[in-house]
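Letter by letter, the chains look like this.
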Amino acid sequence: MVNEKFDVIVVGAGPAGTSCALTAARAGLRVLLIERGEYPGSKNVMGGVLYRKQLEELIPEFWKEAPYERPVVEQRFWMLGEDSLFNVGYKGMEWAKEPYNNFTILRAKFDQWFASKAVEAGALLINETVVLECIVEDNRVVGVRTDRPDGEVYADVVVLCDGVNSLLGKSLGFHKERKPEEVALAVMEVMDLPAAKIEERFNLERNQGCTIEIFGDATKGLLGTAFLYTNKDSINIGVGTTLSSMIKSRPRPYDLLEYVKNHTMIKPYIKDAKMSEYAAHLIPEGGYHSIPRMVGNGVMLCGDAAQLVNAIHREGSNMAMTSGRIAAETIVLAKQVNDFSENMLDRYRTELMKSFVGQDLKKYKDATHTFENYPQYFNEYIPLVNKAASEFFTVDGTSKWEKQKKMMSTMFEGRGKLKTFQDLYRAWKVMK
Ligand SMILES: Cc1cc2nc3c(=O)[nH]c(=O)nc-3n(C[C@H](O)[C@H](O)[C@H](O)COP(=O)(O)OP(=O)(O)OC[C@H]3O[C@@H](n4cnc5c(N)ncnc54)[C@H](O)[C@@H]3O)c2cc1C
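In short, a report on the structure. (Residues numbered from 1 in each chain as written. Predicted model: local features only at pLDDT ≥ 70, side-chain atom pairs only at ≥ 80, totals over all residues. Heavy atoms only, no water.)

Before going further, it helps to spend a moment on the environment of Leu168. Inspection of the secondary structure puts Leu168 in helix H4 (residues 167-171). The spatial distance from the C-alpha of Leu168 to the C-alpha of Cys134 is 7.0 Å, given a sequence separation of 34 residues. Setting aside anything within four residues of it in sequence, one finds Leu168 in contact with Val11, Val131, Leu132, Glu133, Cys134, Leu160 and Asp162. (Helix = DSSP H or I, 4+ residues; strand = E, 2+ residues; numbered from the N terminus. Contact = heavy atoms within 4.5 Å.)

Right, here's the structure in full:
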């Protein structure tokens, strides 16, 4: 395929792989970036919120050239009932101007642009090439075998950024088959709608975006979320729940998305919008306890391949970018001493764990499992919050004292005072 030996082979041109390739190429290393898709982004799926900070560390003022959709100026969180919603959120005009906070993106456009930056920095990108396996000699990864004729290629280090399934990581024994409670299955559609309609419906100006995260009835009370994100002239709508919840309750993912699209509270936002893309994808949501071994002799795992997703804050792309960058910085140091052993490369793991990636995953280490094991947070409390809000805000001649008392007793209606306080304490403990 390519006869020369590289310093680094990166498998997968998603956010993790491209930031690794970019950082390593900028440091003067010979980098090969291999992507199985027709082009970077062609196979990639994301709800679509890209965070500024971690990309800015790689490409200052990237928003001046990156193909983003809209800077997000408002984030809403809906607790959805069957025909009601309880809404909290924040809108701030400081997010409408540089340097912005975060952006909606479409991965097919964004990943292509991002990978072009790695190529500009000197990385060699090869598309439409599947890495079939890692080549291991004397207990050390020394290269990869691809599906191209003469498809073996060698490097000092191979960085696996091959996404949530990471078949390559699995075949090297880094992880086993993902457990159903460690991954969420998400389905989403991109629905075309003229910009003016989006701005009217979401109360936005040109070049302003809104994200809505939806809990409760959107997943029929299962652990998971639905989302509505505004692009320039389309809306991303999707829903996801853990595989274990799907196995238990057996909703068909596409039926769940249809349910979301037809929900009284959601339907008006997508009226007359036309579906232009449909996708289904896994999200690693096992968190801290599911992070596998991330380094071996001559090999490292980054991004989704290492389960680096903060499901509580729907952050994955930024964690992927930071892990790719730190992996590359470690390889640069390893190159200086010509040592690519697991011991040397382990600096990547320790630095990553010191960064916001490790810290945030540690903070929420028990959250997903707790919400999975105690489904009342989603299927009991959200309907009660809606009921209590309805009672409180309905003006019917009852005094506000009475209303307040009624609202409190509604909240205890489901599980009683003691159990409700226990649930509150448990939630506080895993989120604090
Ligand atoms: C529905 C959904 C919504 C999401 N929403 C958000 C969000 O709003 N914000 C956010 O930050 N994150 C979000 N995420 C998570 C985010 O998409 C991931 O965390 C992020 O894409 C991980 O990047 P990565 O580079 O590790 O993997 P990926 O983006 O999956 O990239 C892996 C790449 O490797 C390639 N590849 C795989 N195997 C091979 C092989 N054998 N040979 C060659 N190439 C290979 C693939 O084609 C792909 O390009 C969402 C995910 C989903 C599914």
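Note on placement: Thr368 falls in helix H13 (residues 367-373). Residues Thr368 and Asn207, 161 residues apart in the sequence, show an inter-C-alpha distance of 34 Å. In contact with Thr368, other than residues within four places in its own chain, are Leu223 and Glu285.

Take the pairing of strand S11 (residues 183-192) next. Across the 10 residues of S11, 9 count as buried, placing the element largely inside the fold. Inspection of the sheet shows S11 paired to strand S14 (residues 234-242) by 9 bridges, in the antiparallel sense. Note on S14: the bridge partner recorded for Ala186 is Gly240. (Buried < 20%, exposed > 50% of the residue type's maximum accessible area, 1.4 Å probe, protein only. Pairing = 2+ DSSP bridges.)

Time to look at the pairing of strand S12 (residues 209-216). The buried count for S12 comes to 7 of 8 residues, which makes it a mostly enclosed element. Examined bridge by bridge, strand S4 (residues 70-80) and S12 share 8 bridges and lie parallel to one another. When the bridges of S12 are listed, Trp78 appears paired with Ile214. Judged from the 4 bridges that link them, S12 and strand S13 (residues 224-230) form a sheet pairing that is antiparallel. Its bridge partner lying in S13, Glu213 is registered against Phe227.

Remark: the centre distance and the inter-plane angle together describe each pair of aromatic rings, the angle taken between the planes. Taken as a whole, this structure holds 21 aromatic pairs when the rule is applied. Ring geometry for Trp113 and Phe114: centres 6.3 Å apart, planes at 20°, overall stacked. Ring geometry for Phe371 against Tyr377: centres 5.2 Å apart, planes inclined by 85°, an arrangement best described as edge-to-face. Per residue, the accessibility class of Phe371 equals that of Tyr377, and both read buried. Here a set of aromatic residues connected by ring pairs shows up, and it is made of Phe62, Trp63, Tyr68, Tyr100 and Phe103. (Phe/Tyr/Trp six-rings, centres within 6.5 Å; stacked < 30°, edge-to-face > 60°.)

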